[in-house]
Amino acid sequence: MLFWHTRRKSLKLFTPANIRVIVFSNLTQQTISTAMKREYSLDLARLVAAYCVLFSHFVLSGTFDETSRTWTGSTESLPLLSKSSQSLWMLDTFMLGKWQTAVAIWGVALFFLISGWVVPPMLSRYSRQQFLINRLFRIFPMLIFAVIMAATIQYLFGDRHSLSTVNVLSTMTLTSQFFGYPLTLAVVWTLLIEFKFYLLITLLGHLNCKKILSAASLMLLLLIFQINLVRHGVYSTSPQMLSITNAFAHDFCFMIFMLCGSALFLIVNNTKPNFKTVGTLFLILSAYNIYRYLCINQLGIQLHQDINVATQIIAGLFFGLCLLTNKCFSGENALTHAICKLSNVTYSLYLLHVPIGFFLLSRLRHFIDNQYFLLMVVTLSVSLIAAVTYRLIELPGNRLGKTLLIPWIPRKI
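All figures in this text were calculated on a predicted structure; none of them were measured in a lab.

K.L.:
Describe the state of the cysteines, with residues and values.
P.N.:
For the coordinates displayed, the defined rule picks out zero disulfides. Residue C295 stays outside any disulfide, its sulfur separated by 5.1 Å from that of C253, the closest cysteine. C52 supplies the cysteine sulfur nearest to C322, a cysteine that is in no disulfide, at a spacing of 9.5 Å.

So, in structure tokens, the structure goes:
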């Protein structure tokens, strides 16, 4: 009798409703586990992008540009690197002269494609609110620290006359475009675009081909509307408003390019790529190039690091090659572990490499004569500093964001 009673009690657990709950729970956990699986190909793409930007800034800017004065001070003679003592600058000057592109632009284009790629899977496991909270704590803790670090180096060792409190505050809060203040840290221009993109994605929610095309179409219509306003002299009495609206038009251009990454994700992760997904990527890429052409030729907007056709091809090839390495990264091993660890610091590296890198170049060049060895030492030093800031600033910020997401995560049944 006791056995029969226990058996009857256990059978009650397997009612149709409970079975649906158990199955749904298992499927949900399986889906989340799959979605959260580390994509080492993206880690590799981030590494390539970060060091492309670092290479071009150190070599091209260090050899020809005087913007390093901000971080090195008036007592340092420029350029930081001798043109005759190293030939790494020849790659960028050749690409700029031949196809109007450079290594740093490849890196930026790769970062934008990656940002577009990661959005669809994130929205498959996060709600809109969760997604926005996740992105806020991904961006701002390290951004705030990097801007303070850059301002400190500029104040102590560089050109403090161009430094102001409002510039620092507007840079770390990503509000410089609204008030017309210059950026304390120039590389933050990409984060202004990234943040607008994440706000757009929060509005769109779970991405599909229709939403991607609708977003690109809306931005293209807004650009055409802006062109008509300019032609009719609407901004003739308000140049400040023209500057703000053109800044948004500038950023929308890159946001459409980021949607190319989202469209590519839909193609690659469909069981069978169909005409709809492939057509979406083609239309989005066409929309980007039309938008880019109108920005430059109708509004006269100088796109910051223009992602032209040559850059699109090169960045697309890099990204495709990184994605193909998924076959090599079938499981956890020493190589994937190293790529993962190195990729973790790319955001910190991107934000810190300019102020710290130029400062170190200006100081260490008095002790290291070989230009190639100097660049290796500075690159390694900046990478190690980025690893420390990732551990102490970025990682705790990410964990705090995940902690705040706990109230929205469904409880296990």
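Read on, since the account is not over.
K.L.:
I'd like a description of a nonpolar patch on the surface, backed by residues and values.
P.N.:
A contiguous nonpolar surface patch, about 390 Å² in accessible area, is contributed by V166, F178, F179 and Y181. With respect to the secondary-structure elements, Y181 resides in the loop between α9 (176-179) and α10 (189-204). Y181 sits in the partly exposed class, given a relative accessible area of 35%.

K.L.:
So what about the pattern of salt bridges? Which residues, and what values?
P.N.:
Side chains carrying opposite charge are able to pair once their charged atoms draw close together. Counted according to the given criterion, the structure contains six salt bridges. D43 is paired through a salt bridge with R46; the nearest N and O atoms lie 3.0 Å apart. Residue D43 and its partner R46 are both found in helix α3 (residues 40-64); the two are separated by three residues, about one turn of the helix. Looking at D43, the relative accessible area reads 1%, which means it is buried. The salt bridge involving D251 is made with K196; its shortest N-O contact spans 2.8 Å. One end of the pair, D251, is in helix α12 (residues 239-268); the other, K196, is in helix α10, with 55 residues separating them in the sequence. Exposure class is identical for D251 and K196. Each is buried. Salt bridges linked by common partners bring E76, R363 and R365 together as one network.

K.L.:
Which residues make up the side chain of S348, and what values do they have?
P.N.:
For S348, the position within the fold is in helix α16 (residues 346-364). By relative accessible area, which is 0% here, S348 ends up buried. Reaching out from S348, the side chain makes a polar contact with the side chain of E394 at a distance of 2.7 Å. When near neighbours in sequence (up to four residues on either side) are disregarded, S348 contacts M142, A386, T389, Y390 and E394.

Basis of the calculations
Residues numbered from 1 in each chain as written. Predicted model: local features only at pLDDT ≥ 70, side-chain atom pairs only at ≥ 80, totals over all residues. Heavy atoms only, no water. Disulfide = S-S within 2.5 Å. Patch = residues over 30% accessible without salt bridge, like charges linked within 9 Å, V, L, I, M, F, W, Y side chains within 5 Å. Areas by Shrake-Rupley, 256 points an atom, 1.4 Å probe, with all protein chains shown as cover. Salt bridge = Lys/Arg side-chain N within 4 Å of Asp/Glu carboxyl O. Helix = DSSP H or I, 4+ residues; strand = E, 2+ residues; numbered from the N terminus. Buried < 20%, exposed > 50% of the residue type's maximum accessible area, 1.4 Å probe, protein only. Polar contact = N/O pair within 3.5 Å; in protein donor to acceptor, adjacent residues only side chain to side chain. Contact = heavy atoms within 4.5 Å.

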